[in-house]
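Each chain, letter by letter, is given below.
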Amino acid sequence: MDALNILKSKGLKKTAQRIMLVNILQAKGISLSENEIKTGMGAMYDRITFYRTVQKLIEMNIIYRIPVDNVIKYALNNTEEIKKFQNPVRFFCEKCNSTSYLENHPIPDFQLPDGYVIHEYEALIKGTCSYCAQND
Ligand SMILES: [Zn+2]
């Protein structure tokens, strides 16, 4: 799906910033930091609009945050991208209602009762994300 259709499917207005952000993430196909996105946006970048755009796209589950070594990265919420995470641990922020995937923080091994077989597993942690903690 292209940026226009993604926004349309979520009932969002097609603002230039939203389209551009989704386009950049799609074109790169990897998670990007604000600085990397800023480079891609060029003169269109504006810090306040950027944060508003990101918040909205996170709220609508179009993108999500991945905290990597103290840098927040953004990635498109598509299953291909998520599959790259081993043992994805999701973190739900109760303040901004965003879901992040915690890269490099796999679920610790745990023992199941006899007779149970794991096919896949995931974890959901609830709390406050680093963004909200910093902007409290
Ligand atoms: Zn938050």
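The structure presented is a predicted model; accordingly, all values stated were derived computationally and were not measured.

Definitions and limits used
- Residues numbered from 1 in each chain as written.
- Predicted model: local features only at pLDDT ≥ 70, side-chain atom pairs only at ≥ 80, totals over all residues.
- Buried ≥ 20, exposed ≤ 12 C-beta atoms within 10 Å, placed from the backbone.
- Helix = DSSP H or I, 4+ residues; strand = E, 2+ residues; numbered from the N terminus.
- Pairing = 2+ DSSP bridges.
- Core = buried A, V, L, I, M, F, W, Y, C linked by C-beta atoms within 7 Å.
- Contact = placed C-beta atoms within 7 Å.
- Axes fitted to C-alpha atoms, helices over the stretch in contact; angles between N-to-C directions.
- Parallel < 35°, antiparallel > 145°, perpendicular 65-115°, else oblique.
- Left-handed = near helix turned anticlockwise from the far one by under 90°.
- Nonpolar A, V, L, I, M, F, W, Y, C, P; charged D, E, K, R; others polar.

A look at the pairing of strand E6 (residues 123-127)
Buried residues are scarce in E6, accounting for zero of its five residues. Sheet analysis places strand E4 (residues 89-93) next to E6, joined by five bridges and oriented parallel. By the bridge assignment, Phe92 is partnered in E6 with Lys126.

Focus: the nonpolar core
Ranked by size, the top nonpolar core spans 19 residues in total, and within it Val22, Leu25, Leu57, Ile63, Tyr64, Tyr74 and Ala75 carry the most contacts. Listing elements by their share of this core, those giving two or more residues are helix H1 (3-9), helix H2 (16-28), helix H4 (47-59), strand E2 (63-68) and strand E3 (71-76). Setting aside residues no more than four positions away along its own chain, Tyr74 makes contact with Leu25, Ser31, Leu32, Ile37, Val54, Ile63 and Arg65.

Concerning the packing of H2 against helix H3 (residues 34-41)
Look at H2 against H3: their axes get within 10 Å of each other, and the N-to-C directions meet at 110 degrees. Of the possible angle classes, the one that applies to H2 and H3 is roughly perpendicular. As for how H2 packs across H3, the hand of that crossing is right-handed. Each of Met20, Leu21 and Ile24 in H2 lies in contact with H3, whose residues at this interface are Ile37, Gly40 and Met41. In terms of residue class, the contact of H2 with H3 is made up of five nonpolar, one polar and no charged.

A look at the pairing of E3
Across two bridges, the pairing between strand E1 (residues 32-33) and E3 is antiparallel. What sits directly across from Leu32, in E3, is Tyr74. Relative to E3, E2 runs antiparallel, the two sharing six bridges. Paired with Tyr64 across the two strands is Ala75, which belongs to E3.

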